[in-house]
Amino acid sequence: MATAAPNRSAQTARRSQPARLAAGALLLLVLLNLSYLALARPFATALATAPALIGGRVLATAPLAGTRAAVITTNNRLLLLDNAEPVREISLDKTLSALTASPDGRLVAVGTSERALIVYDAELAEQRRLEVNGRVVGLVIANDGSLIVGHAVGQFTGRVWLSSFDATGAARAREQIGVDILSLSRLGDGAAVATVDGRVAAVGLDGASRWALQLPQPAVLLREASDEALFAGDERGSVSRID
């Protein structure tokens, strides 16, 4: 019986099909890599250059009006940035420990580990100085310059206070809360404070208590939401919303 000759063109096509698929996959991979580099380059450049412009390790930031922000560093410098470019700098002879800005961005306040609290305008011209017991651990400043300050002497000593001051710097109230403060955040026209025992409480600018609750884990970070609710994050990665 005669045997049909193999179809050489079909065999060649079958052998070349895996090669074509491999070449197509390689081309796709190259295109994807080029696209990633094109998209990522602007972001990588911004992230790489901004810290070099500031210098030092950033301790805290506070947004101001427009494209401006205030920054404090661990080498005790207060900087005013515009589009991430330093436009003004103040070197202090005290250890900086806290930073905040008013909601309208017209006032900046810094706290130190040596009792001092300094209020500046948006151009970093000094407006006034106050003193509190111990180290400033948290700050909130209102548009009119009223302040809520968390401050403490040592750690786990029970010598921890929450104080409020009016726009002239006169003391309104001071309460010894007795446990270390982990976070102090603006909340409406007042502030919220989280302590190491898991409590979160809200106070007014006059220092009066508004509410308090107990969380399962201590909140290490408080942030106000746009609807004046409060987000509380703990060290285990849980986030709670408090309405």
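Here the structure is a predicted model, which means the values were calculated and not measured.

1. Some words on the overall build of the protein
For step 1, the next point in the chain: If you tally the helices and strands in the protein, you get one helix and 19 strands.
For step 2, the next point in the chain: Expressed as a percentage of its 243 residues, the buried residues of the protein come to 36%.
For step 3, the next point in the chain: Of the contacts formed within the protein by residues at least 6 apart in sequence, a portion of 31% connects residues at least 24 apart.
For step 4, the next point in the chain: Here the protein has roughly 13,800 Å² of accessible surface; of this, 55% comes from carbon and sulfur atoms.

2. Here we look at the sheet that holds strand β17 (residues 219-224)
For step 1, the next point in the chain: Pairing in this open sheet of three strands is antiparallel, and the strands run β17-β18-β19 from one edge to the other. The outermost strands of the open sheet, each flanked by one partner alone, are β17 and β19 (239-242). Going across the sheet, the axis of each strand differs from the next one's by a mean of 20°, ignoring polarity.
For step 2, the next point in the chain: Of the pairings in the sheet, the one linking strand β18 (residues 230-234) to β19 comprises four bridges and is antiparallel in character. Directly across from G233, in β19, lies its bridge partner V239.

3. Things to note about the nonpolar core
For step 1, the next point in the chain: If you look at the biggest cluster of nonpolar residues, it comprises 15 residues, and the most contacted ones within it are L78, L99, V110 and Y120.
For step 2, the next point in the chain: Residue assignment for this core shows that the elements contributing at least two residues are β2 (68-73), β3 (77-82), β5 (96-101), β6 (107-112) and β7 (116-121).
For step 3, the next point in the chain: No other element matches β5, which puts three residues into this core.
For step 4, the next point in the chain: Setting aside residues no more than four positions away along its own chain, L99 makes contact with A60, T61, A62, A70, V71, I72, L78, V108, A109, V110 and L139.

4. Details of the sheet that holds β3
For step 1, the next point in the chain: Read from one edge of the open sheet, four strands run β1-β2-β3-β4, paired in antiparallel fashion. Because the sheet does not close on itself, it has two edges, and the strands there are β1 (58-63) and β4 (85-91). Each neighbouring strand pair of the sheet contributes to a mean axis angle of 20°, computed without reference to strand direction.
For step 2, the next point in the chain: Summarising the sheet, β3 and β4 pair through six bridges and their orientation is antiparallel. The residue bridging L78 from the neighbouring strand is I90, located in β4.

Basis of the calculations
Residues numbered from 1 in each chain as written. Predicted model: local features only at pLDDT ≥ 70, side-chain atom pairs only at ≥ 80, totals over all residues. Heavy atoms only, no water. Helix = DSSP H or I, 4+ residues; strand = E, 2+ residues; numbered from the N terminus. Buried < 20%, exposed > 50% of the residue type's maximum accessible area, 1.4 Å probe, protein only. Contact = heavy atoms within 4.5 Å. Areas by Shrake-Rupley, 256 points an atom, 1.4 Å probe, with all protein chains shown as cover. Pairing = 2+ DSSP bridges. Axes fitted to C-alpha atoms, helices over the stretch in contact; angles between N-to-C directions. Core = buried A, V, L, I, M, F, W, Y, C linked by side-chain atoms within 4.5 Å.

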